[in-house]
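The chain contents come next:
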Amino acid sequence: MNVDQITEYLLTYGYWIILLVLFCGIVGIPAPEETFLVFIGMLIAKHQLSFYGSIGSAFAGTLVGMLCAYFIGRKVGSPFVKKFGKYIKITEENREETYSNFKRHGKLSTLLCLFIPGFRQITPYVAGITGFPVLSYLLFATLGSGLWVVLYIIGGYFIGNRIPVEYVSFLGLAALIGFIVVIIVKKRKKTIK
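Looking at an unreviewed UniProt entry, the protein carries the name Alkaline phosphatase, with the source organism given as Priestia endophytica. Per its UniProt entry, the protein bears the Sequence similarities (unreviewed entry) comment "Belongs to the DedA family."

Student: When you look at the pattern of salt bridges in this model, what are you seeing that I'm missing?
Tutor: Once the charged atoms of two side chains with opposite charge are near each other, the side chains can pair. All chains considered together, the criterion is met by 2 salt bridges. The residue Glu33 makes a salt bridge to Arg120 at a minimum N-O spacing of 2.9 Å. Within this pair, whereas Glu33 is found in helix 3 (residues 33-45), its partner Arg120 is found in helix 6 (residues 119-129), the two being separated by 87 residues in sequence. The shortest N-O distance in the salt bridge between Arg120 and Glu34 comes to 1.9 Å. Here the residue Arg120 occupies a position in helix 6, and Glu34 occupies one in helix 3, the gap between them amounting to 86 residues. A single burial state applies to Arg120 and to Glu34, both of which are buried.

Student: How do you make sense of the packing of helix 5 (residues 92-112) against helix 6 when you look at a structure like this?
Tutor: Between two packed helices, what matters for the description is the angle formed by their axes and the separation of those axes. Two elements in contact, helix 5 and helix 6, have axes separated by 10 Å at closest approach and are oriented at 115°. By the criterion of interaxial angle, the relationship of helix 5 to helix 6 is roughly perpendicular. Handedness of the crossing formed by helix 5 with helix 6: left-handed. Contacts between helix 5 and helix 6 involve Thr98, Tyr99, Phe102, Ser109 and Thr110 from the first element and Phe119, Thr123, Val126, Ala127 and Ile129 from the second. Residues that form the contact of helix 5 with helix 6 fall into these classes: 6 nonpolar, 4 polar and no charged.

Student: Explain a nonpolar patch on the surface here, please?
Tutor: There is a patch of nonpolar side chains on the surface, built from Leu108, Leu112, Leu147 and Leu151 and spanning about 350 Å² of accessible area. Elements represented by at least two residues in the nonpolar patch include exactly helix 5 and helix 7 (134-159). Mapped onto the elements, Leu151 comes out in helix 7.

Thresholds, definitions, all that
- Residues numbered from 1 in each chain as written.
- Predicted model: local features only at pLDDT ≥ 70, side-chain atom pairs only at ≥ 80, totals over all residues.
- Heavy atoms only, no water.
- UniProt positions renumbered as here; feature names shortened; annotations may be inferred.
- Salt bridge = Lys/Arg side-chain N within 4 Å of Asp/Glu carboxyl O.
- Helix = DSSP H or I, 4+ residues; strand = E, 2+ residues; numbered from the N terminus.
- Buried < 20%, exposed > 50% of the residue type's maximum accessible area, 1.4 Å probe, protein only.
- Axes fitted to C-alpha atoms, helices over the stretch in contact; angles between N-to-C directions.
- Parallel < 35°, antiparallel > 145°, perpendicular 65-115°, else oblique.
- Left-handed = near helix turned anticlockwise from the far one by under 90°.
- Contact = heavy atoms within 4.5 Å.
- Nonpolar A, V, L, I, M, F, W, Y, C, P; charged D, E, K, R; others polar.
- Patch = residues over 30% accessible without salt bridge, like charges linked within 9 Å, V, L, I, M, F, W, Y side chains within 5 Å.
- Areas by Shrake-Rupley, 256 points an atom, 1.4 Å probe, with all protein chains shown as cover.

In structure tokens:
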């Protein structure tokens, strides 16, 4: 799917597409969330989308995704992870360490998880599994969702008239490469120690 097709879908189906893409990305269905938010900002700069409508639907999709993942984690997460975790390399030891870390840093993790690919999909489930208080989760998920959505859309808005929309996919590729490089560097540092 190219940029013109994505633009056409956005302009045809409107803000429901924004909500759906971000919901899917948060619950773990692959979607290029950051790139998509930047792209939305670029379309706002070109007066093809409304600022408030875009922010509202992006925020709603993100928050609803975070809440759904939280409640799934709360209802079925722990037994599921115990039974099938070994197939995705979640062992008893690292599972307990993850839960323990989340109990200590849950508020900060919930607030900032959206800024880290992969972590944003796992954190809501872990919050539910560990029994993180619903009201605290709702507060920090709401703040984090708002911050993440607004920063990326505004970033896209400011580059919207400086970079052609066709280059937005290259921004996503550059972000992915940067993320992979950071992970490789961290793994090498751990093996050197």
